[in-house]
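Chain by chain, the residues:
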Amino acid sequence: MFWLLIALGCLNYVIAEGLWIYSENVLGKEIPYPGWADGFYFFQIAFYLAALLYHGWHGRRDLQPLRLAFDVTIIMAVFSALSWHFIIKDLIGGTASPLVLAVSAGYP
């Protein structure tokens, strides 16, 4: 199951990159943001996170999975705060739509 989730994450990454390259090189258009590729990037993150959680909880009876969950939560909170402070805060002052803000906040 772990390797299946990793493989599905990789497949979503390949699809997202394929959409990105197709839009940019074949169609010659500016890459839309947010676009279809961003959805597949989010699926990639979700599958990798599911694989990480599956690997952490599978067959464990001690507190190691709980420690892993707290460590991941702390790291994600720090990265979200840093990206908010240095990147997303500047988008709010401009003419960013709520969808752009949601995608920008979702990547960390």
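Our subject in this report is the structure included herewith. Note that this is a predicted model, so its numbers are computed, not measured.

## As for the environment of V14
In this structure, V14 sits in helix α1 (residues 2–26). For V14 and A37, which are 23 residues apart along the polypeptide, the C-alpha to C-alpha distance reads 9.8 Å.

## With respect to helix α2 (residues 36–57)
Helix length check: α2, at 22 residues, gives a terminal C-alpha distance of 32 Å against a target of 32 Å (1.5 Å per residue), a fit within 8%. When we look at burial in α2, the residues that qualify are A37, D38, Y41, Q44, A51 and G56. Buried positions in α2, seen along its axis, are confined to an arc of 140° and lie on one side of it.

## Some points on the side chain of S23
Inspection of the secondary structure puts S23 in helix α1. Residues within four places of S23 in sequence aside, it is in contact with G28, K29 and I31.

## So, the packing of aromatic side chains
Going through the model one piece at a time under the given rule, you end up with 3 aromatic pairs. On the basis of an interplanar angle of 55° and a centroid distance of 6.1 Å, the ring pair of Y13 and Y41 is categorised as tilted. Here Y13, found in helix α1, pairs with Y41, found in helix α2; they are 28 residues apart in sequence, far enough to count as distant. Of the residues examined, Y41 reaches a relative accessible area of 12% and is grouped as buried. Judged by centre distance (6.3 Å) and plane angle (65°), the rings of F40 and F43 are edge-to-face. Of this pair, F40 and F43 both sit in helix α2, 3 residues apart, which is roughly one turn of that helix. Judged by its relative accessible area of 47%, F43 is partly exposed.

## Regarding a nonpolar patch on the surface
On the surface, a nonpolar cluster with roughly 820 Å² of combined accessible area is contributed by L66, F70, I74, I75, V78, F79, L82 and F86. By the secondary structure assignment, F79 is in helix α3 (residues 64–93).

## Describing the environment of A50
Of note, A50 is situated in helix α2. Measuring from C-alpha to C-alpha, the distance between A50 and F2 comes to 8.4 Å, with 48 residues separating the pair along the chain.

## Observations regarding the packing of α1 against α2
One can describe the packing of α1 onto α2 by two numbers: an axis separation of 8 Å at closest approach and a directional angle of 165°. In this view, α1 runs roughly antiparallel relative to α2, as classed from their interaxial angle. For the pair α1 and α2, the crossing hand works out as left-handed. In this structure, α1 uses F2, L5, I6, L8, G9, C10, N12, Y13, I15, A16, E17 and L19 to contact α2, whose residues at the interface are W36, A37, F40, Y41, F43, Q44, F47, Y48, A50, A51, Y54 and H55. Here the contact of α1 with α2 is composed, by residue class, of 19 nonpolar, 4 polar and 1 charged.

What counts as what
As a convention, each chain's residues are numbered from 1 in the sequence order in which they are written. Under the rules for a predicted model, residues below a pLDDT of 70 receive no local features and side-chain atom pairs below 80 are neither given nor counted, while totals for whole chains, interfaces and linings still include all residues. Side-chain metrics in this entry use all non-hydrogen atoms of the structure; hydrogen atoms and water are not considered. Here a helix means four or more residues in a row that DSSP labels H or I, a strand means two or more in a row labelled E, and each is numbered from the N terminus. Here the expected length of a helix is defined as 1.5 Å per residue gap, with one fewer gap than residues. Relative accessibility thresholds used throughout: buried, under 20% of the residue-type maximum; exposed, over 50%; partly exposed, between the two (1.4 Å probe, protein chains only). Our arc is simply the arc of the directions from the helix axis toward the C-beta atoms. The contact definition used throughout considers only heavy atoms, calling two residues in contact when any of these lie within 4.5 Å. Centre distance within 6.5 Å is the pairing criterion for rings of Phe, Tyr and Trp, where only the six-membered ring of Trp is used; planes under 30 degrees apart are then read as stacked, over 60 as edge-to-face, and the remainder as tilted. For patches, a residue must show more than 30% relative accessible area and have no salt bridge; joins then use 9 Å for like charges and 5 Å for nonpolar side chains, namely Val, Leu, Ile, Met, Phe, Trp and Tyr. Every accessible area reported is derived by Shrake-Rupley at a probe size of 1.4 Å, with residue values counting cover from the shown protein chains alone. A pair is scored as a salt bridge if a Lys or Arg side-chain nitrogen falls within 4 Å of a carboxyl oxygen belonging to Asp or Glu. Helix axes use the C-alpha atoms of the stretch in contact, all axes being lines fitted to C-alpha atoms, and the angles between their N-to-C directions lie in the range 0 to 180 degrees. Any angle between 65 and 115 degrees counts as roughly perpendicular, while under 35 counts as roughly parallel, over 145 as roughly antiparallel, and the rest as oblique. Here a crossing is called left-handed whenever its near helix is offset anticlockwise from the far helix by less than a right angle, and right-handed whenever the offset is clockwise. Charged residues are taken to be Asp, Glu, Lys and Arg, nonpolar residues to be Ala, Val, Leu, Ile, Met, Phe, Trp, Tyr, Cys and Pro, and polar residues to be all remaining types, Gly included.

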